[in-house]
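Coordinates in review
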Amino acid sequence: MNNDGCAIARSNEAKALGIKMGQPLFQIRDIVRRHNVVVKSSNYALYGDISQRVMTTIADSAPESTIYSIDEIFVDLDRMAINHSEWARELKYKILRETGIPVGIGISLTKTLAKVANKLAKQSSKADGCLVLNTPKWIDLALERTATKDVWGIGRQLSRKLASIGVTTAKQLRDMPDRNARNMMTVVGLKTVLELRGLRCIDFDDSPEQRETVCVSRSFGKEVTDVETLKEALLTFAARACKKLRRFDLVAGRFQIYVLSNSFKPNQPQFSKGRDVGLVPHTNDTRILSKSISQNLDRIWRDGMSVKKAGILMMDLCPSSKVPQDLLMPLYTTDNPLMAALDQIENRFGKETVTIGRLANQQKPDWYMTASNRSPCYTTRWTDIPSVK
């Protein structure tokens, strides 16, 4: 369950019970109770640490790899003289042995076909988590069994558009004429079609060199109904966002603060409000951002509002060494001893050990997200390390 109390990850058993992705917990309490479903709250510190362990184990098994997301990584096997099936199974069991995490491994000619193989590897009991698609016969069979909506880069909206012309499987998508594919799905869609044919059109490492935005947002444990509490939360988010920027040596030229109502309470007034604010010059200084938030929050706040979720989005990012200069402003400098000292203290003694101004300094403020079903942080907190007697 995520911070909104919605299902974001489900086991195969939970899927079989009819639990849908994004479904709120209160809608499935009867299913949970009747079938003894285990519900866990989000535990991002644990997820991040386990992900790093899994990714490191995989990266050590191949000469080149690139991380795609917290739970996906691509590996280049071109220069490895190996039996792909044996290599995949050995790696799968190694990851399970060293991290306790079951994984699915798909191997094929392109990244898009590898994603198809990976999905089928996890669905097929015969594949047992590992599937190699490297011959026309098996690729054809795999694409016949894959719906267009399950192809990487297609999605539901585009799959409905394809279905209107009779294209419902990945094999039919692969066999579309190039001109039709480009007219219907632009050049990006055409690349997907070519990838399904085994032609590499997506670079091995196609991740952006630089982040375009940094966002910190939370759903509140209980709805916030006064502006001072909301300000406290937003200033806390701002501090975290600025720390992220400094970690990546970035500065922001603009930010947005936003607030949302509780969409699961339709009897209450629904709203979605936000405000964009420019930062001149670009900055990653928590003090400057905090002051700007305090000056602008009143412009979106209205008495009687009941806020369930809020956040801050940092935009117009650039490296601190490439900040646009203004003739009317002092020369920008990346030297910020106070922020550097603040980061060093937090890195050594823990997050938000030292705060600025009126940032929340309670262990868990009233607005903090609820996580009553959170599992222990086995690998990231000394007090949660399992003990063996």
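Structure: above.
Here's what I pulled together on the structure shown here. (Residues numbered from 1 in each chain as written. Predicted model: local features only at pLDDT ≥ 70, side-chain atom pairs only at ≥ 80, totals over all residues. Heavy atoms only, no water.)

Moving on, we come to the environment of Tyr378. Looking at the secondary structure, you find Tyr378 in the segment after helix H12 (337-349). Judged by relative accessible area, Tyr378 falls into the partly exposed class, the value being 40%. With residues up to four places along the chain from it excluded, the contact list for Tyr378 reads Leu46, Asp384, Ile385 and Pro386. (Helix = DSSP H or I, 4+ residues; strand = E, 2+ residues; numbered from the N terminus. Buried < 20%, exposed > 50% of the residue type's maximum accessible area, 1.4 Å probe, protein only. Contact = heavy atoms within 4.5 Å.)

Moving on: the packing of helix H5 (residues 111-123) against helix H6 (residues 136-144). Packed helix pairs are specified by the crossing angle of their axes together with the interaxial distance, meaning the distance between the axes. As a packed pair, H5 and H6 sit with axes 10 Å apart at the nearest point and diverge in direction by 70°. The angle between the axes of H5 and H6 places the two elements in the roughly perpendicular class. Pair H5 / H6 crosses with left-handed handedness. On H6, the residues touching Leu113, Val116 and Leu120 of H5 are Ile139, Ala142 and Leu143. Of the residues in the contact of H5 with H6, the class split is 6 nonpolar, no polar and no charged. (Axes fitted to C-alpha atoms, helices over the stretch in contact; angles between N-to-C directions. Parallel < 35°, antiparallel > 145°, perpendicular 65-115°, else oblique. Left-handed = near helix turned anticlockwise from the far one by under 90°. Nonpolar A, V, L, I, M, F, W, Y, C, P; charged D, E, K, R; others polar.)

Reading across the sheet, the 4 strands line up as S5-S8-S6-S7 and stay open at both edges, with antiparallel pairing between neighbours. The sheet is open, and its two edges are formed by strand S5 (214-224) and strand S7 (272-283), each paired on a single side. For this sheet, the mean angle separating the axes of adjacent strands, direction not counted, is 15°. (Pairing = 2+ DSSP bridges.)

Time to look at the pattern of salt bridges. Summed over all chains, the structure comprises 16 salt bridges. For Lys171, the salt bridge is made with Asp175, and the minimal N-O distance between the two is 3.7 Å. Judged by relative accessible area, Lys171 falls into the partly exposed class, the value being 22%. The partner of Asp175 in a salt bridge is Arg174, and the shortest N-O contact between them spans 3.0 Å. (Salt bridge = Lys/Arg side-chain N within 4 Å of Asp/Glu carboxyl O.)

Before going further, it helps to examine the nonpolar core. Core analysis: the biggest nonpolar cluster contains 33 residues, and Leu230, Phe255, Leu289, Ile293, Val307, Ile312 and Met314 have the highest contact counts within it. Put simply, the parts of the chain that give this core at least two residues each are S5, helix H10 (227-247), strand S6 (250-260), S7, helix H11 (286-296) and strand S8 (307-319). Top element by residues in this core is H10. It accounts for 10 residues. Residues contacting Leu289, with those up to four places away along its chain left out, are Ala238, Cys242, Phe255, Leu279, Ile312 and Met314. (Core = buried A, V, L, I, M, F, W, Y, C linked by side-chain atoms within 4.5 Å.)

Moving on: the side chain of Thr286. By the secondary structure assignment, Thr286 is in helix H11. With residues up to four places along the chain from it excluded, the contact list for Thr286 reads Ala239, Cys242, Arg246, Met339 and Ile356.

Put simply, side chains in a regular strand alternate between the two faces of the sheet. With 5 bridges connecting them, strand S1 (residues 64-69) and strand S2 (residues 72-76) associate as antiparallel partners. Bridge assignment links Ser69 to a residue of S2, and that residue is Glu72. Counting the residues that bridge the hairpin from S1 to S2 gives 2 residues.

On to the state of the cysteines, then. All told, the structure shown has 0 disulfides when counted by the stated rule. With no disulfide partner, Cys215 has as its closest neighbouring cysteine sulfur the one in Cys242, 13 Å distant. (Disulfide = S-S within 2.5 Å.)

Looking at the element boundaries, Asp285 is found in the loop between S7 and H11. Taking the C-alpha atoms as reference points, Asp285 and Leu245, 40 residues apart in sequence, are found 9.2 Å from one another.

In this model, helix H3 (residues 44-59) (16 residues) spans 22 Å end to end at C-alpha, consistent with the 22 Å of a helix rising 1.5 Å per residue. Among the residues making up H3, those that are buried are Leu46, Asp49, Ile50, Ser51, Val54, Met55, Thr57 and Ile58. As for H3, its buried residues are in contact with S1, S2 and helix H4 (84-99). (Expected span 1.5 Å × (residues − 1).)

At a closest axis distance of 10 Å, the pairing of H3 and H4 adopts a crossing angle of 140°. Seen from above, H3 lies across H4 with right-handed handedness. Contact with H3, carried on its side by Arg53, Val54, Thr57 and Ile58, involves Leu91, Lys94, Ile95, Glu98 and Thr99 of H4 and no other residues of that element. Here the residues of the contact of H3 with H4 sort into 4 nonpolar, 2 polar and 3 charged.

Below, the discussion takes up the packing of aromatic side chains. Summed over the entire model, instances satisfying the criterion amount to 4 aromatic pairs. Aromatic pair Tyr68 and Phe74: ring centres 5.9 Å apart, planes at 70°, arrangement edge-to-face. Residue classification places Phe74 among the buried positions, given a relative accessible area of 10%. Taken together, the ring pairs connect Tyr68, Phe74 and Trp152 into an aromatic cluster. (Phe/Tyr/Trp six-rings, centres within 6.5 Å; stacked < 30°, edge-to-face > 60°.)

The next thing to look at is a nonpolar patch on the surface. Residues Ile8, Met21, Tyr44, Tyr47 and Ile70 make up a contiguous nonpolar surface patch of about 490 Å² in total accessible area. Along the chain, Tyr47 turns up in helix H3. Exposure remark for Tyr47: the relative accessible area of 35% places this residue in the partly exposed category. (Patch = residues over 30% accessible without salt bridge, like charges linked within 9 Å, V, L, I, M, F, W, Y side chains within 5 Å. Areas by Shrake-Rupley, 256 points an atom, 1.4 Å probe, with all protein chains shown as cover.)

Its 13 residues give H5 an end-to-end C-alpha distance of 19 Å, which sits within 8% of 18 Å, the value for a rise of 1.5 Å per residue. When H5 is considered as a whole, its buried residues turn out to be Lys111, Thr112, Leu113, Ala114, Val116, Ala117, Asn118, Leu120 and Ala121. Turning to H5, the residues buried within the fold contact S2, strand S3 (105-107), strand S4 (130-132), H6 and helix H9 (178-196).

Relative to the elements of secondary structure, Ser51 occurs in helix H3. Between the C-alpha atoms of Ser51 and Asp71, which are 20 residues apart in sequence, the distance is 6.4 Å.

Without other data, these values stay purely geometric and don't point to any function.
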